[in-house]
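Listed below, chain by chain, are the residues.
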Amino acid sequence: MAKVKSLAELKAMREKLQSTLDLREKSNDPDSLVQIKVAMATCGIAAGAKQVMEHMMEKADELKLGIVFTQTGCMGYVFGHVDNNRADEILTKYVMNNEMVEGVIPVNYETI
Amino acid sequence: MHVLVCGGTGCQASASAQIIENFQRILAEKGLQNEVQVVRTGCFGFCEKGPIVKIMPDNTFYTQVKPEDVEKIINEHIIKGRKVTDLLYLDPENKEHVSDSKHMGFYRKQLRIALRNCGFINPENIDECISRGGYEALGKCLSEMTPQQVIDEVTKSGLRGRGGAGFPTGVKWGLCAKNKCDEMYVICNADEGDPGAFMDRSIMEGDPHSIVEAMAICGYAIGATHGLVYIRAEYPLAIHRLQVAIAQAREYGLLGKDIIPAGYPPSASRHRPGPRIRPAR
């Protein structure tokens, strides 16, 4: 371990290390952040929810969006059909600009 | 996902070490060891309901967890995303289970200052401390402030001793700084003699670096070159964690001779071997 030689070095170190605690910092105050719940019951996983969730988490990091991802049980809808492209749309349209993404929510509903 | 398991004295007495071992073993069996990080933290402050296990990011607070509950938490919560209701805190008034500690009566009104890192970081990992701003105050004092400015700032802050007399810390430091002698010591009295009090132990076990940093700041302000922490032998975990913290701080060059600043002041006491621990026997 190289020694810390200046305050600036210490601050740079902090910036670099912050990502390791990022998840804990965010969950300390989850109510103030966007939360995305991915239905990961057997049906969801079979339909590819795990890959989509991983993709979304990477994309959210890339876009520097502070989002808490959690997995939940079955939401009762085995549709929604979010794939990687749809996931990107949800992040860029809905999360960033508050625009609804067409075709993801069943037609009769505005929200779930 | 992070699993925080309390590693304070209270929870350790009710098998939290076994809980951590079970988490690590079962997660490894399921191939989840890289996705879920198990962290031994300091005290959450709710020892009565220990051992405490906190799951993040959904901030689920499990109470009185037994080693044999671990498999259920992994299978239900971590894998399937379903909380284990039986292990959630039961509100004594409305008899409802509370999942997030923020909504528990006990925590709702708390604003943690000295204990902000307890139950949040791994106290034996200096990186986690630094990522929450640890040692930056020391860095600032050493590189941007004179000892007198540090003393003035502490005086202005209104910080006072909690020993009963409420003596203003800045005044104390100012008096010490005036007293010139060959060798000065900062002594941290961590004996915690008051019956039934465990807050000092909580800090030492949960955020030991904050004590090391504070002592170094005090040393700089008053011109001391050595530090001593006086701890009772009944606090073996606190002694261990402080020793780890001191060793890590030395390794990082945050404690010892010629630390951090090149700047200010040019020659004043930049010679800090740092605290040593003296357990009372």
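Scroll up to find the structure this text is about.
Read on for a plain summary of the structure.

Rules of the game
Residues numbered from 1 in each chain as written. Chains lettered and ligands numbered in written order. Predicted model: local features only at pLDDT ≥ 70, side-chain atom pairs only at ≥ 80, totals over all residues. Heavy atoms only, no water. Helix = DSSP H or I, 4+ residues; strand = E, 2+ residues; numbered from the N terminus. Buried < 20%, exposed > 50% of the residue type's maximum accessible area, 1.4 Å probe, protein only. Contact = heavy atoms within 4.5 Å. Areas by Shrake-Rupley, 256 points an atom, 1.4 Å probe, with all protein chains shown as cover. Phe/Tyr/Trp six-rings, centres within 6.5 Å; stacked < 30°, edge-to-face > 60°. Lys NZ or Arg CZ within 6 Å of the ring centre and 35° of its normal. Buried area = accessible area lost by both parts, 1.4 Å probe. Salt bridge = Lys/Arg side-chain N within 4 Å of Asp/Glu carboxyl O. Patch = residues over 30% accessible without salt bridge, like charges linked within 9 Å, V, L, I, M, F, W, Y side chains within 5 Å.

1. Focus: the overall build of chain B
Here's step 1: Each helix and strand in chain B was counted, giving eleven helices and eleven strands.
Here's step 2: Considering chain B as a whole, with its 281 residues, one finds that 53% of them fall into the buried category.
Here's step 3: At a minimum sequence separation of 6, the contacts of chain B that also span at least 24 residues come to 69%.
Here's step 4: Of the roughly 13400 Å² of accessible surface on chain B, a fraction of 51% belongs to carbon and sulfur atoms.

2. A word on the packing of aromatic side chains
Residues and elements named next belong to chain B.
Here's step 1: Scanning all chains against the criterion turns up six aromatic pairs over all chains.
Here's step 2: Seen in terms of ring centroids, Phe 46 and Phe 106 are 4.3 Å apart; in terms of plane orientation they differ by 15°. Their pairing is stacked. One end of the pair, Phe 46, is in the loop between β2 (37-41) and β3 (53-56); the other, Phe 106, is in helix α4 (residues 105-108), with 60 residues separating them in the sequence.
Here's step 3: Overall, Phe 46 belongs to the buried group, its relative accessible area being 6%.
Here's step 4: In this structure Phe 106 comes out as partly exposed when scored by relative accessible area, which is 34%.
Here's step 5: Taking 5.9 Å as the distance between ring centres and 75° as the angle between the ring planes, the aromatic pair formed by Phe 46 and Tyr 107 counts as edge-to-face. Here Phe 46, found in the loop between β2 and β3, pairs with Tyr 107, found in helix α4; they are 61 residues apart in sequence, far enough to count as distant. For the pair formed by Phe 46 and Tyr 107, the shared burial category is buried.
Here's step 6: A network of ring pairs unites the aromatic residues Phe 44, Phe 46, Phe 61, Tyr 89, Phe 106 and Tyr 107 as a single cluster.
Here's step 7: One Lys or Arg, Arg 132, reaches over the ring of Phe 120 and ends 3.9 Å from the middle of that ring.
Here's step 8: Lying across the ring of Tyr 235, Arg 201 places its NZ or CZ 5.8 Å from the centre.

3. Quick look at the interface of chain B and chain A
It is common to report an interface's size as the accessible area lost on association of the parts.
Here's step 1: Contact residues are listed per partner, giving 40 residues for chain B and 29 residues for chain A.
Here's step 2: Surface buried jointly by chain B and chain A totals about 2800 Å² across both partners, of which 56% is contributed by carbon and sulfur atoms.
Here's step 3: The largest contributions to the chain B side of the interface with chain A come from Pro 57, Ser 131 and Glu 136 of chain B, which together make up 22% of the buried area.
Here's step 4: Seen at the junction of chain B and chain A, the total is two salt bridges.
Here's step 5: For Arg 24 of chain A, the salt bridge identified is with Glu 128 of chain B, shortest N-O distance 3.0 Å.

4. Some details on a nonpolar patch on the surface
All names here are of chain B.
Here's step 1: Residues Phe 167, Val 171 and Leu 175 make up a contiguous nonpolar surface patch of roughly 260 Å² in combined accessible area.
Here's step 2: Its place among the elements puts Val 171 in helix α8 (residues 169-178).
Here's step 3: Residue Val 171 is classed as partly exposed on the basis of its relative accessible area of 36%.

5. Things to note about the environment of Gln 64 of chain B
Residue and element names in this part refer to chain B.
Here's step 1: Tracing the backbone through its elements, the reader meets Gln 64 in the loop between β4 (60-62) and α3 (70-79).
Here's step 2: Taking relative accessible area as the criterion, Gln 64 reaches 41% and is therefore assigned partly exposed.
Here's step 3: Along the chain, Gln 64 and Leu 88 lie 24 residues apart, while their C-alpha atoms are 8.8 Å from each other.
Here's step 4: Residues contacting Gln 64, with those up to four places away along its chain left out, are Glu 48, Lys 49, Gly 50, Pro 51, Asp 69 and Leu 87.

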